[in-house]
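Structure assessment
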Amino acid sequence: MPPTTPGLHHVTAIAGDPQANADFYVGALGLRFVKRTVNHDDTHTYHFYFGDYEGTPGTNLTFFPWGDRGRDGEFGAGQTRHTAYLIPADSVDYWAERLHEHGAAVEERERFGDTVLQFSDPDGIGLELIASDRADESDAVPWPDGPVPAEHQLRGFHSVTLAVREFGPTEAILTDVLGYERVAEDGDRRRYRTPAGGPHSTLDLVETDAPRGQMGVGTVHHVAFTAESVAELEAWKEAYADHGLAASGPIDRKYFQSLYCREPGGVLFEIATDGPGFAVDEDVEALGSSLVLPECWRTTARTSRRRSPTSSRRTRAEGPDVPVPGSDRVGAPFRFDYDPGVLRYGAGCVADLADELERQGFERALVVCGSTVGSTPAVMDPIRDGLGDRLAGVFAETTPEKRLSTALDARDAYREHDADALVALGGGSSLDVAKAVSVLAAGGHDREAAAREFAETGTLAAEGALAPIVAVPTTLAGADLSVVAGLNAHPEAGLVNETVSGGLSDRGLMPRAVCYDPALVATTPRDVLVGSAMNGFDKGLETLYAANATPVTDATAARGLGLMADGLRELGRDGVDADALEPVLEGLLLVQYGISRPGETTLSVIHAFGHGLTDGYAVQQGAAHAVVAPHVLRYLFEEVDGRRDLLADALGVGDADDPADAVVEAVADVRDALGLPDSLADVAGPEPSEFPAVAETVVGDSFVANAPPDLELTTEDVVAVLRAAY
């Protein structure tokens, strides 16, 4: 049996203006501003905590203030209708008058024998104050210097009211997993209470026929319940799994450990431990007086700290001063570790290959490419002329399978030709093989040792000075400025007993130079180009909404997306030539900049879907992205903000009334202009009966970790997206 929660731990909602948020909850409701920090999953966003004097669990209402660019939410099924605080039974008149003075429209009603004051905060979040004798049982610690007299201060949570389409599925989780018991019913409302029975132990469910709500400013993000220990979190994780639900965590939130799961009715549930609490980085007397950042950001936080005063000069009717973020949450600290090679761009720039090699001190280059590229004079003649006497030889045997055996053969050719550099010519497969050659040449692996290491670890250790690589792309996949590579081994090559899929990662694998030549790319067949183009275009989309986005990548990806969107539409209408490719290739260069960094990438949900749809199926990755990208974006915007305004601006639709719809339509327009498929039924992908298995692959993909902050991707969500795309 799972443990039983004693009740509510905290509630987290989404606010608009941070100063107005602080003014209301401190100045009007008299809660203490116990912690001002940033969202650990999105450090561009503040995270405010309001509670009792010590921030006791069961008293804290927390907020992500999105500022004036945050979209408004829409209340509906799967959301919290009201968050209710306890007040003493004799404080009703005091609070009715106080709320009226602060501009709140208050309705008084009776519920289960208690007086309820119902109102909303400035963003429209539903609140209640419930007068009850149970307030005397509260462990809330009064704020001695607060704006509300101690005898009338809020005493922590009474309950939350959750709106669901039907009681049954949510009730099952409340009773079977969390340990609540149904104790009363009145019309469309059911009341539940934990066996502990004290304050914070109550929860109400109401049924609604409203459509599923959309998260945004003015809605509650999640409801958190209390756990005593991490061991209890693990037990609850198993209990969720027994009900077919996947829980994420435990996750260290510094002030508590957390487990997350979206219950069947759509509400995001968190279970959080009691400790260690808010005093781990501030004295109790100083709680909330300064901006406190996660440990990994503190070395770059001095400017941010200066912008957040440690004392307030405001009146008690207002909250403490809050530094207001600028456009799109400007001002949050970030770390950007990126070391690209030389970038050369322009029609005919491959004529300068020998010059680039000389500048970097390399004498002889082995060209690594596929057989089609290697036998195409329109590609090879400019490469041979550009390298001149620095051409050591050509290895034209790479394949889309990116096999270890091919890399070993290319390594042998590298040695036989006495080369000291590699020119990776063609698509991503040739570049990945060249990176494997770089590692193999440096490490001195013989064939058996390399096969054994790869079979055991799925990778090859990068040791010594890696052979330098110059990349010359002929497709639009955008995999050139990367520190990683995919690699596979198959039994038919005689090196391994079973298929092994893996990869390489080392900052030394970043190409020393990349030559983007529109004239060379124009030699690639149109069907290959348009498929790869969608893959490259999506990299720009994901770089803007990824959890690890930075202002640097925002700038390059936004500019690159605009160039690519316009250029790809023209490419679809006018055909492939060097002139049409110029804006596309320049945009591709920009969207790649900074997406592949040591230990991280900005690739995210669309690419995870692409992996799921191509794993074991004959569908080409670009076609898979073309089909699902609009549907993934539509789902994403229904769940989170997804930086829709920035995406809309980048795609030239920033003046649209609904930026989310405009972004989806713009992406679909690019796809349609390229003549790519718009339905899974039209590609050689999975059938609907296989969607659950594909969904497991997608949710388990490592790129999901880069999803927009607060997105909780489930297998049910993935199946719904796939069905919409079919």
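1. Focus on the overall build of the protein
Of the regular secondary structure elements, the protein holds 21 helices and 26 strands. Since a compact globule built from 726 residues should have a radius of gyration of about 27 Å, the 29 Å found for the protein is in line with a globular shape. Counting only C-alpha atoms and orienting by the principal axes, one finds that the protein spans roughly 95 × 55 × 50 Å. Burial analysis of the protein (726 residues in total) assigns 60% to the buried set. In the protein, of all internal contacts separated by at least 6 residues, the share reaching a separation of at least 24 is 74%. For the protein, the accessible surface area stands at approximately 27,200 Å², while carbon and sulfur atoms represent 46% of it. Here the protein holds 57 positive side-chain charges and 116 negative ones, and the gap between their average locations is 4 Å.

2. Regarding the pattern of salt bridges
Oppositely charged side chains may form a pair once their charged atoms are brought near each other. Taken as a whole, this structure holds 31 salt bridges when the rule is applied. For Glu363, the salt bridge goes to Arg390, with nearest N and O atoms at 3.5 Å. Residue Glu363 is found in the loop between α6 (353-360) and β18 (365-370), and its partner Arg390 is found in the loop between α8 (377-387) and β19 (391-398); the two are separated by 27 residues along the sequence. Overall, the relative accessible area of 48% leaves Glu363 in the partly exposed class. As a salt-bridge pair, Asp412 and Arg411 come within 3.1 Å of each other at their nearest N and O atoms. The class of Arg411 is buried, set by a relative accessible area of 2%. Sharing partners across several salt bridges, the network here consists of Arg344, Asp352, Asp355, Glu356 and Arg359.

3. Quick notes on the packing of helix α16 (residues 605-614) against helix α20 (residues 691-699)
The angle between the axes and the distance between the axes are what describe a pair of packed helices. Orientation of α16 relative to α20, taken along the N-to-C sense of each, is 135°, at an axis distance of 8 Å. It follows from the interaxial angle that α16 and α20 lie oblique. When the axes of α16 and α20 are compared, the crossing they make is right-handed. Contacts between α16 and α20 involve Ala608, Phe609, Gly612 and Leu613 from the former and Val694, Thr697 and Val698 from the latter. For the contact of α16 with α20, the class distribution of residues is 5 nonpolar, 2 polar and no charged.

4. Observations regarding α8
Within the sequence span of α8, burial applies to Val379, Met380, Ile383, Gly386 and Leu387. Relative to the axis of α8, the buried residues are bounded by an arc of 130° and lie together on one face. Across α8 from its buried face, at more than 90 degrees, point the exposed residues Pro377 and Asp385. Note on α8: the residue one or two positions beyond its end, Gly388, has a positive phi of about 55°.

5. A few points about helix α4 (residues 230-242)
The terminal C-alpha atoms of α4, which comprises 13 residues, lie 19 Å apart, in line with the 18 Å expected from a rise of 1.5 Å per residue. Contact partners of the buried residues in α4: α3 (167-176), β13 (220-227), β14 (248-252), β15 (256-262) and β16 (268-276). Just beyond α4, the residue with positive phi is Gly244, at close to 75°.

6. Here we look at the sheet that holds strand β6 (residues 107-111)
Strand order in the open sheet made by the 8 strands is β6-β7-β8-β5-β9-β12-β11-β10, with mixed pairing throughout. Only two strands of the sheet have a single neighbouring strand rather than two, namely β6 and β10 (181-186). Taken pair by pair, the neighbouring strands of this sheet meet at an average axis angle of 25°, ignoring direction. In terms of strand pairing, strand β9 (residues 157-164) meets strand β12 (residues 202-207) through 4 bridges, oriented parallel. Within β12, the position partnered with Thr161 by the bridge is Asp204.

7. Topic: the environment of Asp554
Looking at where Asp554 falls in the secondary structure, it is placed in helix α14 (residues 551-574). Separated by 10 residues in sequence, Asp554 and Leu544 have C-alpha atoms that sit 5.7 Å apart. In this structure the side chain of Asp554 is engaged in a polar contact, spanning 2.8 Å, whose partner is the side chain of Arg643.

8. Describing the confidence of the model for the protein
Looking at the protein, the pLDDT average stands at 90 and 94% of residues meet or exceed 70. Predicted confidence for residues 296-317 stays below pLDDT 50, and this span has 43 contacts to residues more than four positions away or in other chains. The model gives residues 323-327 a pLDDT under 50, and that stretch makes 10 contacts with residues more than four places away or in other chains.

9. So, the sheet that holds strand β17 (residues 342-345)
Pairing in this open sheet of 6 strands is parallel, and the strands run β17-β24-β21-β20-β18-β19 from one edge to the other. Edge positions in the open sheet fall to β17 and β19, since each of these has one partner strand only. Pairs of neighbouring strands in the sheet enclose a mean axial angle of 20°, with direction left out of account. Two strands pair when backbone bridges link them, and β18 and β19 are joined in this way by 5 bridges, in the parallel orientation. Paired with Leu366 across the bridge in β19 is Gly393. On the sheet, α6 packs against β17, β18, β20 (421-426), β21 (469-473) and β24 (513-516) and is oriented at approximately 165° with respect to β17. Taken strand by strand, helix α10 (residues 428-443) contacts β18, β19, β20 and β21, and its axis lies near 165° from that of β20.

10. As for unusual backbone geometry
Backbone phi values are negative for most residues with the exception of glycine, while trans is the configuration of most peptide bonds. With an omega dihedral of 0°, the bond running from Gly249 to Pro250 counts as a cis peptide bond. Along the polypeptide, Pro250 turns up in strand β14. The backbone of Asp418 sits at a positive phi, close to 55°, despite the residue not being glycine. Mapped onto the elements of the fold, Asp418 is located in the loop between α9 (404-416) and β20. Positive phi, normally seen in glycine, also occurs at Arg643, with a value near 55°. Considering the arrangement of structural elements, one finds Arg643 in the loop between α17 (621-639) and α18 (644-650).

11. With respect to the nonpolar core
A general feature of soluble globular proteins is that nonpolar side chains tend to end up buried together. Counting 123 residues, the largest nonpolar core has Phe537 and Leu651 as its most contacted members. Excluding its chain neighbours within four sequence positions, the residues that come into contact with Phe537 are Leu561, Met564, Ala565, Leu568, Leu651, Val667 and Val670.

Rules used in this analysis
- Residues numbered from 1 in each chain as written.
- Predicted model: local features only at pLDDT ≥ 70, side-chain atom pairs only at ≥ 80, totals over all residues.
- Heavy atoms only, no water.
- Helix = DSSP H or I, 4+ residues; strand = E, 2+ residues; numbered from the N terminus.
- Rg over C-alpha atoms; globule rule 2.2 N^0.38 Å.
- Buried < 20%, exposed > 50% of the residue type's maximum accessible area, 1.4 Å probe, protein only.
- Contact = heavy atoms within 4.5 Å.
- Areas by Shrake-Rupley, 256 points an atom, 1.4 Å probe, with all protein chains shown as cover.
- Lys, Arg positive; Asp, Glu negative; His and termini not counted.
- Charge placed at Lys NZ, Arg CZ, Asp CG, Glu CD.
- Salt bridge = Lys/Arg side-chain N within 4 Å of Asp/Glu carboxyl O.
- Axes fitted to C-alpha atoms, helices over the stretch in contact; angles between N-to-C directions.
- Parallel < 35°, antiparallel > 145°, perpendicular 65-115°, else oblique.
- Left-handed = near helix turned anticlockwise from the far one by under 90°.
- Nonpolar A, V, L, I, M, F, W, Y, C, P; charged D, E, K, R; others polar.
- Arc of directions from axis to C-beta.
- Expected span 1.5 Å × (residues − 1).
- Pairing = 2+ DSSP bridges.
- Polar contact = N/O pair within 3.5 Å; in protein donor to acceptor, adjacent residues only side chain to side chain.
- pLDDT = per-residue confidence, 0-100.
- Core = buried A, V, L, I, M, F, W, Y, C linked by side-chain atoms within 4.5 Å.

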